[in-house]
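# Report on the structure
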Amino acid sequence: MVRNSLSLEIDDNGGAGRDVAGNGIGNGNGESSFNTVRDRLRIKRNSSDKRDRSHSGLDRPSLRNRPHHITRSLNRKGLVSLLKPRGTCLLYFLVAFTVCAFVMSSLLLQNSITWQGNVKRGQVGKGIGFGSTLKYVPGGIAKMLIEGEGLDPLRSVVRIGVRPPRLALILGNMKKDPRTLMLVTVMKNLQQLGYVFKVFAVESGEARSLWEQLAGHVKILVSDQLGHADWTIFEGVIADSLEAKEAISSLMQEPFRSVPLIWIVHEDILAQRLPVYQRMGQNFLTSHWRSAFARANAIVFPHFTLPMLHSVLDDGNFVVIPESVVDVWAAESYSETHTKQKLRDVNGFSEDDLIIMVLGSSFFYDEFSWDNAVAMHLLGPLLTRFGRRKDTDGSFKFVFLYGNSTQGLSDAVQEVASRLGLTQGTVQHFGLNEDVNRVLLMADILVYAASQEEQSFPPLIVRAMSFGIPIITPDFPVMKQYITDGVHGIFFRRNDPDALLKAFSPLISDGRLSKLAQTIASSGRLLTKNMMATECITGYARLLENILHFPSDTFLPGSISQLQVTTWDWSQFRNEIGQSISVGQDSAYVSIGRPEIVSRVEEKFMGVVESTNPVDNNTSFVSDEFLSKLDWDVLDEIEGAEEYEKVESEELEDRMERDVEDWEEIYRNARKSEKLKFEVNERDEGELERTGQSLCIYEIYNGAGAWPFLHHGSLYRGLSLSSKDRRLSSDDVDAADRLPLLNDTYYRDILCEIGGMFSVANKVDSIHMRPWIGFQSWRAAGRKVSLSSKAEESLENIIQQETKGEIIYFWTRLDIDGDTPGSKSPRTFWSMCDILNQGNCRTTFEDAFRYMYGLPEHIEALPPMPEDNHHWSSLHNWVMPTPSFLEFVMFSRMFSESLDAVHNNPNDSKSCSLASSLLERKHCYCRVLELLVNVWAYHSGRKMVYINPRDGSLEEQHPLPQRRGLMWAKYFNFTLLKTMDEDLAEATDDNDHPRERWLWPLTGEVHWKGVYEREREERYRLKMDKKRKTKEKLYDRIKNGYKQKSLGG
């Protein structure tokens, strides 16, 4: 079932929403064409879109050439002369009638509202009516991430934590820009809650010192080493921008697919390319990006328009966390390098002019839509009263900012001005594709005249307030959330021209800005400085609580209510503001993001050569190498014809007579076939060198993401838990092929590495014929605890000398994360096991041990482990003699079966008392089985030696003389274990299973004395049957003689 979190809800005055995307309202091509615009998103109408509309029958005449009879009647000479104005009432009546007629004609002409963005289905404009509201409604999964209960259930449970939760932050770049300001502020506050960060970056930059001061060493991910990071040591990964895509490619492979990922996407460059993919029929590129977006647990956008633009990629994980720092940064940077008076002089305004900026809706910006027509109606009384007014020191100028800077929109505005009797130059129009900072900075007052309510605070309003411009805005709920009426701005009742006129009057005094306007402008500028900081920080903190899996050994982060800081960290970025202004901060909807981010993916798939004009990004084109759908169809036909000819020639060749080849030719072909067969499964150099060695270490891994961590050479051999993820170029062991149980994902996950050991022990002689055997998890290399070359040499030398006695060498210590902060006493073995298993390790181990040996309740069943401050093994990184390994596997198989028996809950197969999170529940037995080798080695009398993985130095742990009186040797005696193993094998042979899901027979070989006898009897029966047939054949030949068969008989 495909998840879709995008729902375009249209409220028609009553608030009843309709899911346009789900109703399948389309444009006939299976693709939607809608677009919202963020203030700085570049979404312009390109030539191709206009060509498409020219054939759709939706072309509309310009406003000046409208054939409507009402317009002609209003233009007919002499009509106004018949109606001599005899009073103010008559004048207002004519103005109202003119504006209403214009609104009606605009509504009739607005038969379609096309958006260039991408939605799954439907032309949204067809479902939007007058007074409607377009909303982005997140899907069920996104709602759960935003409105989830967080950590409240875990906080009510007793928890033993020894380390803070760890997060990885992947930066697409390290520039000192507003994105870095937002991230630094958020990360500082998350650190106050208890999170610890490790910073990775795709490339270095000027902000590196800032990040190193905040989170320590920054690791630069080189292109050929992007997969050399063990993401499993982190509770989650946060990736910033599309530039981090290559760095998180390894997160799309096992064993990293279960690591929570939050991907922050603030660019719209990909949204600009999605319509091109659909037009050109390159759906595989869309599928590629959809799969990349689907990997993330949450795709975070800073504005509600961005998820609409990327809706074709929505997998139900789109989340919006608003922030305003980009617009405040843009305004302050522009103010550092430009002055209001200079901009006025350049654009033909005088110093005494009072410029009223009218900002329209950002949803409609191509033709003169009904939304803009309603805005003109709303401004009718205001234009009439102040537009004709001209004081001695200056005049009122109205500047409309909406849509594109096309001639049609400007003409429409001028036509309205002429009908209202306004003088030339009183009204001007600017488009959102121009330098909006220039237009905003010239203004004295801003009137927000949009009828479409936005879900978040309009970014251009934030930018205007940052310029110190007083604003007048409708009383939308989102505006009331941040602005106090009369303090930061002035509200008026929506769609009420008289209320707007009343709200405007207090801001003017003698043709100048009043003191109230100046006070509001100053208060608004201070407000925007840190606007949305609290919402952004708490939004990320809440998102982490709902996404991350907090293991049993981690502290829980502090409550969000502890956060007191509600400001952006501007102190670190004072010098950067004003130094340089990027192109993306000038235009209201210029493309954000570097085009090469997307072009690299395109070139990887099909060699797209894209040329982009830095001024007009919609002039991008695709080279002749871009294959169209017709090209692919022709290619398919050619391949089909070639395949048909090949099959036909093979059939004809089989029917033709061929000369008999001589033995030399046959021998040569056979040798050639054997050589080709050998090359397919050719052993690598390490396998050839491994011949004759006394030790082989099997590196256990599960997934292609672990390949970069594996070693090559004669000492190591890979052991893949999954058949599909095995390295094909080497002789890695396929554990699932040797042990079919591992084909079951459930058992492969709960057994983890020890399942691979069971597969090696299963008919071990067919794979391992060496006296020593070792294992190492792929995680050892990722955590920098794998054997160095010096330690390898030391280990190989020592095992050649130690030919007697039972011994185990290990090089990864259990206390790798250090001691508990503030703890004065060292942790014991069982306390560390409890920490890793939600405090239930002792109880679970005792129950499994009692079940395994059938001990009564009054007998102690938890083997004692000493408190001698020595080290214990972890991560399955050890070496021991092969016979000892088989004995350990025999014990582990029975213990694993007992552990599964005490945890077997037919009503809830997903329950696990050893786990505190979903991820731990998936690997329920792994953490106990990882420590099992310590219990077995200690109580079975094996010598335990720790080898330093760096220098190869040896240190004996838990010496044998100190174990006297503590070892439970009777339970770990080989004779007892062998007897128990044969009893289980006999029960299996007799089909006497103690329960329906019996694990033990599936973990390895099943042998007991009865099996040996039955096999011997079977061999004897076959031998006697063969002997009988031979005698019968000889007797028949003596009796009847030898008869040669006829040819062809």
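Sequence order as written defines the numbering, with residues in each chain counted from 1. Reporting of local features is limited, given that this is a predicted model, to residues whose pLDDT is at least 70; pairs of side-chain atoms are given and counted only at 80 or more, and all residues count toward the totals for whole chains, interfaces and linings. Excluded from the side-chain calculation are hydrogens and water; included are all heavy atoms of the structure.

What follows deals with the overall build of the protein chain. What counts as a helix is a DSSP run of H or I of at least four residues, what counts as a strand is a run of E of at least two, and both are numbered from the N terminus. When helices and strands are tallied, the protein chain shows 38 helices and 27 strands. Relative accessibility decides the category of a residue: with a 1.4 Å probe and only protein chains considered, values under 20% of the type maximum give buried, values over 50% give exposed, and everything between is partly exposed. Counting the 1049 residues in the protein chain, one finds 53% classified as buried. Contacts are residue-level and defined by heavy atoms, with any inter-residue pair within 4.5 Å sufficient. Within the protein chain, contacts between residues separated by at least 24 positions form 76% of all contacts whose residues are at least 6 apart in sequence. Here the protein chain displays about 48900 Å² of accessible surface, and carbon together with sulfur accounts for 51% of that area. Only the protein chains shown count as cover for residues, and the accessible areas themselves come from Shrake-Rupley with a 1.4 Å probe.

The next subject is the state of the cysteines. The disulfide criterion used throughout: a pair of cysteine sulfur atoms within 2.5 Å. Overall, the coordinates contain 3 disulfides when judged by the stated rule. Note that C752 is cross-linked by a disulfide to C926, the S-S spacing being 1.8 Å. Where C752 bonds to C926 through sulfur, the torsion about that S-S bond is close to 75°, and the disulfide is right-handed. Taken together, the residues span a long stretch of sequence, with C752 in the loop between α28 (745-751) and α29 (753-761) and C926 in helix α36 (residues 926-939) at a distance of 174 residues. Comparing C752 with C926 shows no difference in burial state: the two are buried. Sulfur-sulfur distance for the disulfide between C833 and C841 comes to 1.8 Å. Across the S-S bond linking C833 and C841, the dihedral sits near 70°, which makes this disulfide right-handed. With respect to burial, C833 and C841 carry one shared label: buried.

This next bit is on a nonpolar patch on the surface. Each patch is assembled from residues with relative accessible area greater than 30% and no salt bridge, linking like charges that lie within 9 Å and nonpolar side chains (Val, Leu, Ile, Met, Phe, Trp, Tyr) that lie within 5 Å. For this analysis, a salt bridge means a side-chain nitrogen from Lys or Arg found within 4 Å of a carboxyl oxygen belonging to Asp or Glu. Side chains of L630, V634 and I638 sit close together on the surface and give an oily, nonpolar patch of about 270 Å² of accessible area. For L630, a relative accessible area of 59% puts it in the exposed group.

Moving on to the sheet that holds strand β21 (residues 716-720). A pair of strands is considered paired only if DSSP assigns at least 2 bridges between the two. Read across the sheet, 8 strands follow the order β22-β21-β20-β23-β25-β24-β26-β27 without closing on themselves; strand pairing throughout is mixed. Of all strands in the sheet, those bounded by a partner on one side alone are β22 (733-734) and β27 (954-957). Pairing of strand β20 (residues 695-701) with β21, which is carried by 5 bridges, proceeds in the parallel orientation. Its bridge partner being in β21, E699 is matched across the sheet by G718.

To continue, consider the nonpolar core. For the purposes of this section, nonpolar cores are sets of buried Ala, Val, Leu, Ile, Met, Phe, Trp, Tyr and Cys residues that join through side-chain atoms within 4.5 Å. One finds W211, L446 and F457 to be the most contacted residues of the largest nonpolar core, which totals 88 residues. With 8 residues, the top contributor of residues to this core is helix α22 (residues 533-547). Apart from the residues lying within four places of it in its own chain, the contact partners of L446 are M357, L359, L440, I461, A464, I469, P470, I471 and I472. In this structure, L932, A937, Y971 and L977 belong to the second largest nonpolar core, which totals 78 residues.

Time to look at the confidence of the model for the protein chain. One confidence number per residue, pLDDT, is output by the predictor and ranges from 0 to 100. Scored by pLDDT, the protein chain has a mean of 78; 73% of the residues are at 70 or more. Low confidence marks residues 101-127, where pLDDT is under 50. Its contacts with residues over four positions away, or in another chain, come to 104 contacts. Residue range residues 818-824 is modelled with pLDDT below 50. Its contacts to residues more than four positions away, or to other chains, number 7 contacts.

Time to look at the side chain of R963. With respect to the helices, strands and loops of the structure, R963 is situated in the loop between β27 and α37 (974-989). Put simply, R963 is tucked away with no salt bridge, and the nearest opposite charge, on E956, sits 5.7 Å away. Ignoring sequence-local partners within four residues, the contact set of R963 consists of A937, Y938, G941, R942, K943, M944, Q957 and H958. In this count, Lys and Arg are taken as positive residues and Asp and Glu as negative ones, while His and the chain termini are left out.

On the surface, D636, E637, E639, E642, E643, E645, E648, E650, E651 and E653 cluster together into a patch of negative charge. Positionally, E651 belongs in helix α24 (residues 629-655). The exposure class assigned to E651 is partly exposed, which follows from its relative accessible area of 41%. Every charge is mapped to an atom, namely NZ of Lys, CZ of Arg, CG of Asp or CD of Glu.

Right, let's get into the sheet that holds strand β5 (residues 218-220). Taken in spatial order, the 7 strands make up an open sheet running β5-β4-β3-β6-β7-β8-β9, and their pairing is parallel. Strand pairing shows two members of the sheet lacking a second neighbour, β5 and β9 (318-320), which therefore form its edges. The sheet shows a mean angle of 25° between the axes of neighbouring strands, direction not considered. Bridge count for strand β3 (residues 166-171) against strand β6 (residues 236-240) is 5 bridges, and the pairing is parallel. By the bridge assignment, I170 is partnered in β6 with A239. The convention used is that axes are lines fitted to C-alpha atoms, helices contributing only their stretch in contact, and that angles between N-to-C directions extend from 0 to 180 degrees. Contacting β7 (261-264), β8 (298-301) and β9, helix α10 (residues 283-295) crosses the sheet at an angle of about 125° to β7.

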